[in-house]
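# Understanding the architecture of this molecule
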Amino acid sequence: GAGVSQSPRYKVAKRGQDVALRCDPISGHVSLFWYQQALGQGPEFLTYFQNEAQLDKSGLPSDRFFAERPEGSVSTLKIQRTQQEDSAVYLCASSLAEARINYGYTFGSGTRLTVV
Amino acid sequence: QKEVEQDPGPLSVPEGAIVSLNCTYSNSAFQYFMWYRQYSRKGPELLMYTYSSGNKEDGRFTAQVDKSSKYISLFIRDSQPSDSATYLCAMTYSGNTPLVFGKGTRLSVIA
């Protein structure tokens, strides 16, 4: 496709439920990033992939958060045992460049997760 | 204190006004500075990018970086209703570090 596609667009989860959020980056893009954006806040970095390798996961807030990109294209962010504080928009972005100069990459529209 | 501070607004201006948006930051190691625009329920899109100090102009948009004051600005000339969005500043240390965003300033341009 022409842009970064994320699904689902909206997800409501009961507290304690596991969720999986999907990101389809732009075809051929090497770098992929996940960000979390709480209401009224700027995006905060979660994790970074270069192809299938997860090079930085320093932003993942707890061991309940897990991300993968097994074939170097589609990525999944999984949250286990969701908590109310996990409610946020989860943004995925991709970039053609292999270098980790992460300006100018393309964001998806995000998945809005609400934990009730 | 957060690394990047940005007044969340909201800011409301009449069409045609000059808009000034700004951020301050605390870490002098930041070298790359960006402004993103985010429409409601969309992802951020890059507007302007500046390396180190200086000015950069692109159409109606001008970005300024003053590293001595740890202060960056975005100016929008002849503002249009289509400029109504949230504007996020972002910065990073080098090519090997993630972006750090401000909270965003919500702008409304009234026709």
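None of the values given here were measured: they were computed from a predicted structure.

## Describing the overall build of chain A
- Across its full length, chain A carries 0 helices and 11 strands.
- By the burial criterion, 47% of the 116 residues in chain A qualify as buried.
- For chain A, contacts bridging at least 24 residues in sequence account for 55% of all contacts bridging at least 6.

## Comments concerning the interface of chain B and chain A
- Listed per partner, the contact involves 20 residues of chain B and 22 residues of chain A.
- Summed over both partners, the interface of chain B with chain A comes to about 1700 Å²; 52% of that surface belongs to carbon and sulfur atoms.
- Of all residues in chain B, the largest losses of buried area upon contact with chain A belong to Arg41(B), Pro98(B) and Lys103(B), amounting jointly to 29% of the total for that side.
- Run the count over chain B and chain A and you get 1 salt bridge.

## Let's talk about the sheet that holds strand 6 (residues 54-58) of chain B
Residues and elements named next belong to chain B.
- The strand order across the open sheet formed by 5 strands is 1-3-8-7-6, and the pairing between neighbours is antiparallel. Of all the strands in the sheet, just strand 1 (4-6) and strand 6 have a single pairing partner and so form its edges. Pairwise comparison of adjacent strand axes, ignoring direction, gives a mean angle of 15° for this sheet.
- Across 3 bridges, strand 1 lies against strand 3 (residues 19-25) in antiparallel orientation. Bridge pairing in strand 3 links Gln6 to Cys23.

## Quick notes on the state of the cysteines
All names here are of chain A.
- Within the structure shown, the criterion is met by 2 disulfides over all chains.
- Here Cys23 pairs with Cys92 through a disulfide, and the sulfurs are 1.9 Å apart. As the torsion about the S-S bond is roughly -65°, the Cys23-Cys92 disulfide counts as left-handed. Residue Cys23 is located in strand 3 (residues 19-24), and its partner Cys92 is located in strand 9 (residues 88-95); the two are separated by 69 residues in the primary sequence. Note on accessibility: Cys23 and Cys92 belong to one class, buried.

## A few points about the environment of Ala111(B)
All names here are of chain B.
- Considering the arrangement of structural elements, one finds Ala111 in the segment after strand 11 (105-110).
- When the C-alpha atoms of Ala111 and Pro14 are compared, they prove to be 6.3 Å apart, with 97 residues separating the residues in sequence.
- Those residues within four positions of Ala111 in sequence are excluded, and the remaining contacts are Glu15 and Pro81.

## Things to note about the side chain of Thr76(A)
- Tracing the chain through its elements places Thr76(A) in strand 8 (residues 75-79).
- Setting aside its immediate chain neighbours within four residues, Thr76(A) contacts Ala20(A), Leu21(A), Trp34(A), Phe66(A), Ala67(A) and Glu68(A).

## Comments concerning unusual backbone geometry
- In this chain, Ser7(A) is followed by Pro8(A) through a cis amide linkage whose omega measures -10°.
- Looking at where Pro8(A) falls in the secondary structure, it is placed in the loop between strand 1 (5-7) and strand 2 (10-13).
- Residue Arg41(B) is not a glycine yet carries a positive backbone phi of 60°.
- Along the chain, the position of Arg41(B) falls in the loop between strand 4 (32-38) and strand 5 (45-51).

## Section: the pattern of salt bridges
- Counted according to the given criterion, the structure contains 7 salt bridges over all chains.
- As a salt-bridge pair, Glu44(A) and Lys2(B) come within 3.7 Å of each other at their nearest N and O atoms. Here Glu44(A), found in strand 5 (residues 44-50), pairs with Lys2(B), found in the segment before strand 1, and the two come from separate chains.
- Classification of Lys2(B) by relative accessible area gives partly exposed; the value is 38%.
- Among the ionic pairs, Lys78(A) bridges to Glu68(A), the shortest N-O distance being 3.3 Å. Pair noted here: Lys78(A) is in strand 8 and Glu68(A) is in strand 7 (residues 65-68), with a separation of 10 residues, a long-range link.
- A residue is classified by how much of its surface remains accessible, and Glu68(A), at 27% relative accessible area, is partly exposed.

Here is what the cut-offs are and how they apply
Residues numbered from 1 in each chain as written. Chains lettered and ligands numbered in written order. Predicted model: local features only at pLDDT ≥ 70, side-chain atom pairs only at ≥ 80, totals over all residues. Heavy atoms only, no water. Helix = DSSP H or I, 4+ residues; strand = E, 2+ residues; numbered from the N terminus. Buried < 20%, exposed > 50% of the residue type's maximum accessible area, 1.4 Å probe, protein only. Contact = heavy atoms within 4.5 Å. Buried area = accessible area lost by both parts, 1.4 Å probe. Salt bridge = Lys/Arg side-chain N within 4 Å of Asp/Glu carboxyl O. Pairing = 2+ DSSP bridges. Axes fitted to C-alpha atoms, helices over the stretch in contact; angles between N-to-C directions. Disulfide = S-S within 2.5 Å.

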